[in-house]
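Here is what each chain is made of, one letter per residue.
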Amino acid sequence: MREDKKSSKKILEREDIDIAYKWDIEKIYKDDEEWEQDFKKAKELTNDFVQYQGKLNDSKKLLQALQLYEGLLQKVYKLYTYGKMRRDENNQNPKYQALTDRAQSLHIEVESAISFFTPELLQINEEEIEKFLNEEEGLKKYHQFLMETLRNKPHVLSVQEEKIIAQAGDLAQASENIYDMLNDADMRFPEIADEKGEIVELTAGNFTHLMESKNREVRKTAFYQFYGTYSKYKNTLAATFNANLKKDGFYAKVRKHNSSLEASLFESNIPVEVYDKLIEAVNENLHLMHRYMAIREKMLKIDDLHMYDIYTPIVEGVDIKITYQEAKDMVMEGLAALGEEYCNTIKFAFDNRWVDVYENKGKSSGAYSWGTYDSYPFILMNYKDNVDNLFTLAHEMGHSIHSYYTVLNQPFIYSNYKIFVAEVASTVNEALLMDYMISKNEDKKVKMYYINHFLEQFRTTMFRQTMFAEFEKITHEMVAKGDALTAEKLCEIYYELNRKYYGSDMTINKEIEIEWARIPHFYRSFYVYQYATGFSAAIALSKQIKQDGEKAVDSYLKFLKSGSIDYPINLLKNAGVDMTSKKPVEMALKVFADLLDEMEKLVEEN
Ligand SMILES: [Zn+2]
């Protein structure tokens, strides 16, 4: 343990923080003057681009337009990113608020000016595109981009129909808007006593924290009061939920998809079987989740585990301090399995100030990885000396190295990766580091602490999100069939799922039946399954990396260098995991099973 100068003092002003702990943002723009010049250039480029309207049906013109399009978007993103990152350094600085606002307005202006581009591209038919690709060598770079346009073509309607659909956009938002207003603004929860006996108003924000309380009475009260409140509004909540499902059904139908699920997965070109295989594989392994609940019950020293007992930590009295310097070393050592090239990149990242480490007055909270195409992918943190922050560093470093390798190897147009693969690199890092922390620590209690940390990730990311995915599938299918989804019916479905996932050995309190009503993600249909698939892919990859070494590392690095040059499923297949099969999910669940074995053994010995 080392002395921690940063967090023991009060929050510093940004200028009082050592430059070594601040990101090298001047790599984006060396000063604001340079930003202003680029701002002007972006406006000029927009005017140049507009000249191509009505002229895309020609290979030379198409190439020029695509090049301009790429350059323009690159600049607009860069302008915005710089403004926003500067603002995040200190939100009290009005100068960068203004810069961010200007970049945002520019973005809207540009989007509007170039809105002719996609519809006009869609006018070109497949044969013509093939012909253009043969005629113009430079167009080859845009092959995947053009194929993606063609893939969308059957689902785009006539100009007149598209206009009507666009006009209905506001109406379509209504269910979600009403839900948000009720959920975030109007709903009020009762006051309860917290751990210290102080009276607090229950909120969506402090609920999670109260559910982690070591005091069972606090958890129990929070649980009953929280869900009891939702229950009072269950009919309104069922109505907004239904309206949202109907909206999805409507869009799926008019855009000629077979189901809402298919429509949603179409966006990233994910086959429906990926969704089904996930649910199937998790269902076949629910006994593992039940085993975990049994361990939980035993470690909490109770004989009747309830739904309000599943969030509280099961390993007590471990207070591990990890300074930033120690965290850097642990990340480097923990990720050694990823090979020399990867580890050298981490070192490069630390040496070149990718990370904005500590909190300062006015700095944005939380953590992220972000950058521009021609700068480093920086990391914003608010580092505190604990285990969570060690893993946040490894996680964000995963994102950053994925971005860095992509930028080095792909043109701007493929430099973004899809949500389906976005959390793979971050989770691989966390999994490898976790493995290292578990095996390197001799202390049993510390070992158990890390295993519990990992087990909880499996529970919340794989099992819980898959349960959500299953709930979405059932309810969407019912609406498609014309079945009535009353509040009672929704509660019944949700309750049964909980019983299935958590097992009949524990008490599935009836009040959990309304939990669906508090999940905002259900208004972004068929989204959450990606947390479970991404996690599975990452755990399977990290296992292969440990088992197969160099060969697995090579294909993994290739994946990190691919950006969006291909569809997510293909990218992952090349990296070594086939998400259209159950195998990766099963592999991940095997890791979970091994962790349970280890935990059970440690509990026995204790
Ligand atoms: Zn992430």
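The following refers to the structure shown. (Residues numbered from 1 in each chain as written. Predicted model: local features only at pLDDT ≥ 70, side-chain atom pairs only at ≥ 80, totals over all residues. Heavy atoms only, no water.)

## What to know about the sheet that holds strand β5 (residues 377–380)
Read from one edge of the open sheet, 3 strands run β3-β5-β4, paired in mixed fashion. Two strands in the sheet have a free side with no partner beyond their single neighbour: β3 (355–356) and β4 (368–371). Alignment of β3 against β5, held across 2 bridges, turns out to be parallel. Among the inter-strand pairings, V355 is bridged to a residue of β5, identified as I379. Together, β4 and β5 form the strand contacts of helix α3 (residues 59–89), whose direction differs from that of β4 by roughly 140°. Relative to β5, helix α19 (residues 387–409) is tilted by about 165°, and along the sheet it contacts β3, β4 and β5. (Pairing = 2+ DSSP bridges. Helix = DSSP H or I, 4+ residues; strand = E, 2+ residues; numbered from the N terminus. Contact = heavy atoms within 4.5 Å. Axes fitted to C-alpha atoms, helices over the stretch in contact; angles between N-to-C directions.)

## Focus: empty space enclosed by the protein
Applying the stated criterion across every chain yields a total of 1 cavity of 30 Å³ or more. Taken as a whole, the largest cavity holds about 70 Å³ of empty space. Together, F207, M211, F223, Y227, M307, I310, Y311, R464, N498, Y502, I512 and E515 line the largest cavity. Taken together, the elements giving at least two residues each to the lining of the largest cavity come down to α11 (204–211), α12 (216–232) and α23 (487–502). Here the lining of the largest cavity is composed, by residue class, of 9 nonpolar, 1 polar and 2 charged. No fewer than three residues from each of domain 2 (188–232) and domain 3 (233–319 + 413–606) sit in the lining of the largest cavity. (1 Å grid on protein atoms, 1.4 Å probe; cavity = no way out; pocket = protein on both sides within 12 Å on 5 of 7 lines; lining within 4 Å. Points joined across faces, edges and corners; volume = space filled by probe spheres on them. Nonpolar A, V, L, I, M, F, W, Y, C, P; charged D, E, K, R; others polar. Domains from an automatic or database assignment.)

## Digging into the side chain of R14
Turning to its location among the elements, R14 is positioned in the loop between α1 (5–8) and α2 (32–50). One polar contact links R14 to D356, side chain to side chain, over a distance of 2.7 Å. Excluding its chain neighbours within four sequence positions, the residues that come into contact with R14 are K22, W23, E89, D356, N360 and K363. (Polar contact = N/O pair within 3.5 Å; in protein donor to acceptor, adjacent residues only side chain to side chain.)

## Some remarks on the pairing of β4
As judged from the 4 bridges shared by β4 and β5, these two strands associate in the antiparallel manner. Residue pairing in the sheet places S369 in a bridge with I379 of β5. Counting the residues in the hairpin turn of β4 and β5 gives 5 residues.

## Brief notes about the pattern of salt bridges
Under the counting rule described, the total for this entry stands at 49 salt bridges. A salt bridge links E36 to R102, with the nearest nitrogen and oxygen atoms 2.8 Å apart. With E36 in helix α2 and R102 in helix α4 (residues 94–113), the pair connects residues that are 66 residues apart, well separated along the chain. E36 sits in the partly exposed class, given a relative accessible area of 26%. R102 sits in the partly exposed class, given a relative accessible area of 32%. Of the charged contacts in the structure, one is a salt bridge between E600 and R291, with a shortest N-O distance of 3.0 Å. One end of the pair, E600, is in helix α27 (residues 583–605); the other, R291, is in helix α16 (residues 286–299), with 309 residues separating them in the sequence. (Salt bridge = Lys/Arg side-chain N within 4 Å of Asp/Glu carboxyl O. Buried < 20%, exposed > 50% of the residue type's maximum accessible area, 1.4 Å probe, protein only.)

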